[in-house]
Structure formats: structure tokens, C-alpha cells
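The chain contents come next:
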Amino acid sequence: MARVIGGLGTSHVPAIGAAIARGAQEEAYWSPFFEGFAPVCDWLKSAQPDIAVIFYNDHGLNFFLDKMPTFAVGAASGYRNADEGWGLAPAAPFMGDAPLSWHVINALVEREFDIATCQEMLVDHAVTIPMSLMWGEEAHRMCIVPIAINTVQYPLPSPARCFRLGQAVGDALASYEEDINIVVVGSGGLSHQLDGARAGFINKSFDLMCMQQLVEDPDALTEYSALDLVELAGSQGVELLNWIAMRGALSGKVRRVHSNYHVPISNTATGVLLLENASGGPA
Ligand code: DHB
Ligand code: FE
């Protein structure tokens, strides 16, 4: 049977991709961020997951405001990236695992999640940045199952709904018959707001509280509404919904392997949180 061995929450600021492209990881501005990722890479090297299931939000590359599913699951055998206008060279394609995607899709529909299924899906920086942070060039040898959560076009799904989506995905993964190790990723956040009157908004105490509750008491985060998150974390900080879904896919008890918080990268409070799943350790 498949095992969900761990979960990772990470920010996905496009400038991180630009820094990787020009080898700036050791510059003073960047080192507090990249050094915070080194223990994650070490853990991944030793845990050797076969698949990454990634909860993320599309920023207009695959879905636009005219057609915006609340939840969408990739069901392709490969996923392309394309120019999003951030000045990043498009990433090479990622491999998909269509049978696993359909297993998850069937289980979600069974659990009454009315998702969109995407047999073609462009993935944006919210997938490519975490992939290159986790695996560098090796990222293109990994299989992914991308799961998009709308954090862009109102109305947004609630934290409670995203947590339950994650739980349903976690149950589906644990019931998959292949003998594989899976890591679940939540991409985005932490607090940031890119435009409007509160552009530049950061809420360090809220971010740190969320990173703590994601370990100890994720249910507490489901008490917030999506609009509470917009107010407390900024209009793009609501990407925290992806971390909440990631946490839902883990069992009740987790062990924090590593975390790092650094402000700012570009306009964003960046966080990384690596959790080992109590009931899903590597075989
Ligand atoms: C930035 C942050 C994001 O989450 C994003 O999707 C794009 C840009 C930023 O801080 O620059
Ligand atoms: Fe974003």
C-alpha cells in the first residue's frame, strides 16, 4: 500500500526561481531563506518519496477569472509550465501519475467533493518553485499530482473545507494499492499582500501561530473563515489554505522535523515547515 510519509509547507515567490537561476543562494539577502531549506533537502534525500501531491493555487496560467474551479485535480501523464511574465524561463515538464490521479479523483467524488478533473493542466510557479526547492534538477524525474485550490477569485473555500479536502486526499492516498512513498506539499503564503491599500502587509505573529497550530492543533485553524485569513494574512496570504489542505492529508499526529521563517522575500513572509507523518513512515 502507499504511504504518506510527510508533509511540507513552503512559500512559492517567483523571485526564488530567479535567485536559483542566477546562483544567488549564498548572497546575504537569500541565504537566510535557502539555508532554511537545506534540512528539507536532506530529509527528502533520505526518505526518497516517489510522488509529490501538491496543493497549490493557480495564478492565471491554467485558470483565469472567467473559469475558476474551487478545487481541480490534475489527471495528466505530464504537466507543462509556460511563461507567466515573471521573467523566469519556463521549467521543463513534470511527469504525472495519471492512475494515482484517477484513484484520488474517484475517492474525492465518492466523498462528495465536486472537483474539476484536468487531463491537460499547465502548472505555474506555485508548483515549479517548490519542486525546484525540493529536488533541483532532479525535480523532473519525480511524478506529481497537482491539486489546485482557488485562492484568487471570490468566493474562496473555507479553511474547514480545505482541511476536509486534505483529509479525503490523505485517505485516498493511503488506500492506493501501489507500494509507494508519497510526500504532500502545501504551496504558498505565508502572510503577504501584493496590491491595494495594504500592499506589503505582513503579520509575523499570525504566521508563527499558524506554523505552530499546523503541528499541534490544525482544527483550531478551521475556525477561521477565508475572509478572516485575508484580513489576518493579506489577500495573497490566504494561500495558507494550501498548507491547511496539506496538513489534512496527514494523520492526526505528526512530528515537526524542521521549520524556518524569514521576512521578507520580495513582498512575502516566507515559511517552510516539514512534518513527518506519524502513521506513514517509510517502509
Ligand atoms: C509574490 C508572492 C506570491 O505568492 C506570488 O504568487 C507572486 C509573487 C511576491 O512576493 O513577489
Ligand atoms: Fe502566490
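For the structure, see preceding data.
Residues numbered from 1 in each chain as written. Chains lettered and ligands numbered in written order. Predicted model: local features only at pLDDT ≥ 70, side-chain atom pairs only at ≥ 80, totals over all residues. Heavy atoms only, no water.

### Remarks on the coordination of the iron ion (ligand 2)
1) Next: Distances from the iron ion (ligand 2) to its protein donors, His12 (NE2), His59 (NE2) and Glu239 (OE), fall within 2.1 to 2.2 Å.
2) Next: A residue is classified by how much of its surface remains accessible, and Glu239, at 2% relative accessible area, is buried. (Donors = N, O, S within 2.8 Å, 3.2 Å for Na, K, Ca; no water. Buried < 20%, exposed > 50% of the residue type's maximum accessible area, 1.4 Å probe, protein only.)

### Quick notes on the site of ligand 1
1) Next: In the neighbourhood of ligand 1, the contacting residues comprise His12, Val13, Pro14, His59, Trp86, His125, His192, Leu194, Glu239, Ser266, Asn267 and Thr268.
2) Next: For ligand 1, an oxygen atom lies 2.7 Å from a polar atom in the side chain of His192.
3) Next: A distance of 2.6 Å separates an oxygen atom of ligand 1 from a polar side-chain atom of Thr268.
4) Next: Taken by itself ligand 1 offers 300 Å² of open surface, and the protein chains cover 96% of this.
5) Next: By residue class, the composition of the shell around ligand 1 is four nonpolar, seven polar and one charged. (Near = heavy atom within 4 Å. Polar contact = N/O pair within 3.5 Å; in protein donor to acceptor, adjacent residues only side chain to side chain. Areas by Shrake-Rupley, 256 points an atom, 1.4 Å probe, with all protein chains shown as cover. Nonpolar A, V, L, I, M, F, W, Y, C, P; charged D, E, K, R; others polar.)

### So, helix α5 (residues 125-135)
1) Next: Taking burial as the measure, the 11 residues of α5 include 10 buried ones, the bulk of the element.
2) Next: Buried within α5 are the following residues: His125, Ala126, Val127, Thr128, Ile129, Pro130, Met131, Leu133, Met134 and Trp135.
3) Next: The backbone nitrogen of Ala126 lies 2.9 Å from a side-chain oxygen of the residue at the head of α5, namely Asp124. (Helix = DSSP H or I, 4+ residues; strand = E, 2+ residues; numbered from the N terminus.)

### Observations regarding helix α1 (residues 14-21)
1) Next: Those residues of α1 that sit buried are Pro14, Ile16, Gly17 and Ala19.
2) Next: Looking at the buried positions of α1, the neighbouring elements they touch are α2 (31-34), α5 and β9 (254-265).
3) Next: Just beyond α1, the residue with positive phi is Gly23, at close to 65°. (Contact = heavy atoms within 4.5 Å.)

### Some thoughts on a negative patch on the surface
1) Next: A cluster of acidic residues, Glu216, Asp217, Asp219 and Glu223, forms a negative patch on the protein surface.
2) Next: Secondary-structure assignment places Asp219 in helix α8 (residues 218-221). (Patch = residues over 30% accessible without salt bridge, like charges linked within 9 Å, V, L, I, M, F, W, Y side chains within 5 Å. Salt bridge = Lys/Arg side-chain N within 4 Å of Asp/Glu carboxyl O. Lys, Arg positive; Asp, Glu negative; His and termini not counted. Charge placed at Lys NZ, Arg CZ, Asp CG, Glu CD.)

### Describing a nonpolar patch on the surface
1) Next: Together, Phe64, Leu65 and Val152 make up an exposed nonpolar region whose accessible area comes to about 270 Å².
2) Next: Looking at where Val152 falls in the secondary structure, it is placed in the loop between β7 (143-149) and α6 (159-174).
3) Next: Val152 gets classed as partly exposed once you look at its relative accessible area, which sits at 33%.

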